[in-house]
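# Structural description and commentary
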Amino acid sequence: MTSPDERPLALTVGDVHLLLAASPDALVVVGSTGTITAANAVAERLFGVEHGELHGRSVHELVPLERRDAHRSHLAAYFAEPGTRRMGQSIRCQGVRADGLVVPLDILLCPVVTPAGPAALAAIRDLTDRTQMEHALRASEERLRQAAQLARLGTWELDLQTDTRTYSPELLELLGLAAPHASTAAFMEAVHPDDRAALSAAMRAALGGGNPYRARVRLRHVAGVWRTFETSAAEVTTPDGRRLLRGIVQDVTQRVTAEAEAERARAHWDAVVRHSPDWIATLDRQGVVLSANRGPTPDSVESSVVGRPFTDVLAGDCHAAFRTALAAVFDRGEPAAVDLVHLHPEGERRFYQTLLGPVREGDAVALVMATSRDVTAQRRLESQLVAADRLVAMGMLAAGVAHEVNNPLSALFCSLELAQSELAAHAGGAVPTALVGEPLRDAQAAAEAIRGVVTDLRTFARSGEDRPEVVDIQRALEPALRLGMHQLRVRARLVVDRGPTPPVLGSASRLGQVFLNLLINAAQAIPPGRPEHEQVRVRTSTSAEGAAVVEVSDTGAGMTAATMGRLFTPFFTTKPPGQGSGLGLAVSHRIVRDLGGELTVDSTPGGGTVFRVVLPAASHRAPPDPGAPEPPARRGRVLVVDDDPLLTRAVARTLGHALELTTLQSGRRALERLAGGERFDVILCDLMMPEFSGMELYRQLRAAAPEMADRVVFLTGGAVTPAATDFLAQVPNARVQKPFDAEALRQLVAARVRA
């Protein structure tokens, strides 16, 4: 049955026309048979027909063909039980315009009674715009959903009255949750313990009209891992009076991880740069230092150079080269290397290899990174190696000169001694003083002076020839005193205070090198020009413990404690460039230390300097004095082998007629006679001979006539080759240094003949 409120409305013809004209919607009056009895202009425009064309047409013609049967059924059912279908109960359908276009429609039906009988008044609205808007809204929502997924965004709201937290589907997906609701307590259980207090404080501050908050919080994923979120929230009040806290959440785990990795990489790079042994700085186009790991010296700081031109720490002669290289890097965008000299605060010049590299921003060079490496020690080492090569060459030359001079010098000594002996014999035991005696003594003194120079050259030229031996400190000191005088005579007086010293175990040449270094160092500590007012004193003594002590003191400028602390460091020198290598004292310290001794220094600024060498005494028994040689019981046979006939004749004259002497100038000829069975008590053989040396003669004798090899005594002016040095270090045979002492040679030969 139809309720009183749903009884059909009775309309007159006038009412119908008035209603159709006044309505803003499309109105169509349809009879029970489906015939349109009336329609307003809005309806005609909606369906695209001319005025009056809808009147008398079947309403089913306005429905798409495929839906007409269903439409007839709906219309019959409606007239069977008419009633008003309110907007919320409207039937949505589609209509067909005259041009064939299908449009979405919203139809509201109302039963009416017209003079023609029962009818339905249909209020029709075109939903085309609304449908398009709905489609656009749904598309926008889908895009928003997709953007939220891509941006890993989610939303939530907290009902403050019910303490119910509601998660959006996106947030549920981010957290891996299934339940869309949770309480505040349950939510806090998912928050990292370290973040709970700060998040609670931020939420409380946002309540009661407070400012919205933004926080970073770690939430536990359902899989058990922690993910980092940034959340923003604010309190709102809904139209129905509910208080909500609404927020948006973004998963920033990947960003935080990337930031942490970037920070670690940056910290690692900063640590590498800051602790790099190189000086690293960034420069602008004008060469101003924008940043630096420190200053150009290991003990300087970043603030000492940042904001200043790079050239402030460079020597003036490097400015042009630096500016040219810097401009080339900015202009060409390619690295450039340049050698620079930095001026340290104390005025020291240090050498740096600097690489200038471009730092780009896009296609342009924005900055230049300068990496400077201190190569001062390397440059000094290179210089020292060059100097060492020169010294080696000079040493070889000196050894060669000494060797060549020794032969004629030995002959000269023998001849002078023989001349004196012969003159004394012819003059009845007395040499005429005025005519011959004094000239001969002067010639012998001059020869002695030459021998001293040759001995000094040989001592300081040889290296590997030095074997541990018992050394007389006083004798080791003599060559150093003679060679050091040319440095001392224009600077100071040399005073030698000789006290007794025990013999030490070491190397005479190496100790002579130590003493010469100390003398030269003392001389160079005193400015030249006033030798009568300055003094270098050499004092020898024996310590309370029985050690040998040599002190070298000077009246020079002295040294500070800082200088003394580095004095024995290799390459450290206080002398101007070209006047000191920084190796002399370091080498001396090592030599003394290797011998078990100690080299110390004591000095005060303005008070002079004292170097003290302490060497342990050698534990040995002095060989007994052989005294005068006993005349041989028999006439011994002696073979003299030397390529210099002048020397062989001198040796023969020195040994005299008491021996049976054979002289040869060829080592090969000597081997032939010895290998052939000829025997000698003593074989005096030159070590270095051309073609067939004394070393080769010895080696072949060991195989052909070993008993003769044991009787070889080597005559040597110094081992001038490494092979000769090694040979002498290996063989036990006696050796006589040229120029030799005639009496010592006679005693040696006599002792060998007796044996």
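Nothing here was measured: the structure is a model prediction, and the numbers come from that model.

Our next topic: unusual backbone geometry. Look at aspartate 163: it is not a glycine, yet its phi comes out positive at around 55°. Looking at the secondary structure, you find aspartate 163 in the loop between strand E7 (153-159) and strand E8 (164-167). Accessibility expressed as a relative area gives 35% for aspartate 163, which makes it partly exposed. Its identity is not glycine, yet glutamate 691 carries a phi of approximately 70°, on the positive side. Inspection of the secondary structure assignment puts glutamate 691 in the loop between strand E27 (682-686) and helix H18 (694-704). Judged by its relative accessible area of 82%, glutamate 691 is exposed.

Right, let's get into the packing of aromatic side chains. Counted according to the given criterion, the structure contains six aromatic pairs. Between phenylalanine 310 and phenylalanine 322, the aromatic rings sit 4.8 Å apart at their centres with planes inclined by 25°, giving stacked as the arrangement. With phenylalanine 310 in the loop between strand E14 (289-292) and helix H9 (319-332) and phenylalanine 322 in helix H9, this residue pair connects regions lying twelve residues apart in the sequence. One aromatic cluster in this structure is built from Trp279, Phe310 and Phe322. Geometry around phenylalanine 187 places arginine 165 over its ring, the cationic atom sitting 3.9 Å from the centre. For arginine 637, the ring lying beneath its charged end belongs to phenylalanine 680, and the centroid distance is 4.3 Å.

Pairing in this open sheet of five strands is mixed, and the strands run E19-E21-E22-E24-E23 from one edge to the other. Looking along the sheet, the strands with just one partner apiece sit at the ends: strand E19 (493-497) and strand E23 (598-603). Each adjacent strand pair in this sheet contributes to an overall mean axis angle of 15°, direction not counted. Pairing geometry for E23 and strand E24 (residues 609-615), over six bridges, is antiparallel. Its bridge partner being in E24, serine 603 is matched across the sheet by threonine 609. Lying over the sheet, helix H12 (residues 473-488) contacts E19, strand E21 (535-542), strand E22 (548-554) and E24, oriented at roughly 175° with respect to E21.

Here we take up helix H7 (residues 196-206). Regarding H7, the residues found buried are Leu199, Ala202, Met203 and Ala206. Looking down the long axis of H7, one finds its buried residues gathered within 100° of arc, a one-sided arrangement. For H7, the exposed residues set more than 90 degrees away from the buried face come down to Ala197 and Arg204. Those residues of H7 that are buried lie in contact with E7, E8, helix H6 (184-190), strand E10 (213-220), strand E11 (226-237) and strand E12 (243-251).

Another point: helix H13 (residues 508-524). In an α-helix, one full turn covers 3.6 residues, which means residues spaced three or four apart are oriented alike. Compared with the 24 Å implied by 1.5 Å per residue over 17 residues, the 24 Å span of H13 between its first and last C-alpha is a close match. Among the residues of H13, those classed as buried are Ser509, Leu511, Gly512, Val514, Phe515, Leu516, Leu518, Leu519, Asn521, Ala522 and Ala523. Between the side-chain oxygen of the N-cap and the backbone nitrogen of arginine 510 there are 3.3 Å, and the N-cap of H13 in question is serine 507.

Among the nonpolar cores identified, the biggest contains 33 residues, and Ile473, Leu511, Phe515, Leu518, Leu519, Val536 and Val613 are the most heavily contacted of them. When near neighbours in sequence (up to four residues on either side) are disregarded, leucine 518 contacts Val552, Leu585, Leu599, Phe611 and Val613. Grouped together as the second largest cluster of nonpolar side chains are 26 residues, Leu687, Tyr698, Phe714 and Leu728 included.

Another point: the environment of alanine 724. Relative to the helices and strands, alanine 724 is located in helix H20 (residues 722-730). The class for alanine 724 is buried, based on a relative accessible area of 0%. Spatially, the C-alpha atom of alanine 724 lies 8.1 Å from that of methionine 688, the residues being 36 residues apart in sequence.

This part takes up the sheet that holds E8. Pairing is antiparallel across the open sheet formed by six strands, whose spatial order is E9-E8-E7-E12-E11-E10. The open sheet terminates on both sides in strands that have one partner only, identified here as strand E9 (181-182) and E10. Note: E8 against E9, two bridges, orientation antiparallel. Across the sheet, residue threonine 166 finds its bridge partner in E9, namely histidine 181. Seen against the sheet, H7 touches E7, E8, E10, E11 and E12 and runs at an angle of roughly 140° to E10.

Between H18 and H20, the least distance of the axes is 11 Å, while the angle of their chain directions is 45°. Classified by the angle between their axes, H18 and H20 sit oblique to one another. In this structure, H18 crosses over H20, and the sense of that crossing is left-handed. Between H18 and H20, the contacting residues are Met695, Tyr698 and Arg699 on the first element and Ala723, Ala724 and Phe727 on the second. Here the contact of H18 with H20 is built from residues that sort into five nonpolar, no polar and one charged.

Below, the discussion takes up the environment of valine 288. Within the fold, valine 288 resides in the loop between strand E13 (279-283) and E14. Here valine 288 falls in the partly exposed class, since its relative accessible area comes to 22%. On a C-alpha basis, the gap between valine 288 and glycine 307 in space is 6.1 Å, while along the polypeptide they are 19 residues apart. Excluding residues that lie within four positions of it along the chain, valine 288 makes contacts with Thr282, Leu283, Gly307, Arg308 and Pro309.

This paragraph deals with the pattern of salt bridges. Counted under the stated rule, the structure contains 33 salt bridges. In this structure, arginine 72 and aspartate 69 form a salt bridge, with 3.1 Å as the shortest nitrogen-oxygen distance. With arginine 72 and aspartate 69 both in helix H3 (residues 68-80) and three residues apart, this pair spans about one turn of that helix. Arginine 72 sits in the partly exposed class, given a relative accessible area of 41%. In this structure aspartate 69 comes out as exposed when scored by relative accessible area, which is 59%. When the shortest N-O distance is used, the salt bridge between arginine 498 and glutamate 478 registers 2.2 Å.

What counts, and where the lines are drawn
Residues numbered from 1 in each chain as written. Predicted model: local features only at pLDDT ≥ 70, side-chain atom pairs only at ≥ 80, totals over all residues. Heavy atoms only, no water. Helix = DSSP H or I, 4+ residues; strand = E, 2+ residues; numbered from the N terminus. Buried < 20%, exposed > 50% of the residue type's maximum accessible area, 1.4 Å probe, protein only. Phe/Tyr/Trp six-rings, centres within 6.5 Å; stacked < 30°, edge-to-face > 60°. Lys NZ or Arg CZ within 6 Å of the ring centre and 35° of its normal. Pairing = 2+ DSSP bridges. Axes fitted to C-alpha atoms, helices over the stretch in contact; angles between N-to-C directions. Contact = heavy atoms within 4.5 Å. Arc of directions from axis to C-beta. Expected span 1.5 Å × (residues − 1). Polar contact = N/O pair within 3.5 Å; in protein donor to acceptor, adjacent residues only side chain to side chain. Core = buried A, V, L, I, M, F, W, Y, C linked by side-chain atoms within 4.5 Å. Parallel < 35°, antiparallel > 145°, perpendicular 65-115°, else oblique. Left-handed = near helix turned anticlockwise from the far one by under 90°. Nonpolar A, V, L, I, M, F, W, Y, C, P; charged D, E, K, R; others polar. Salt bridge = Lys/Arg side-chain N within 4 Å of Asp/Glu carboxyl O.

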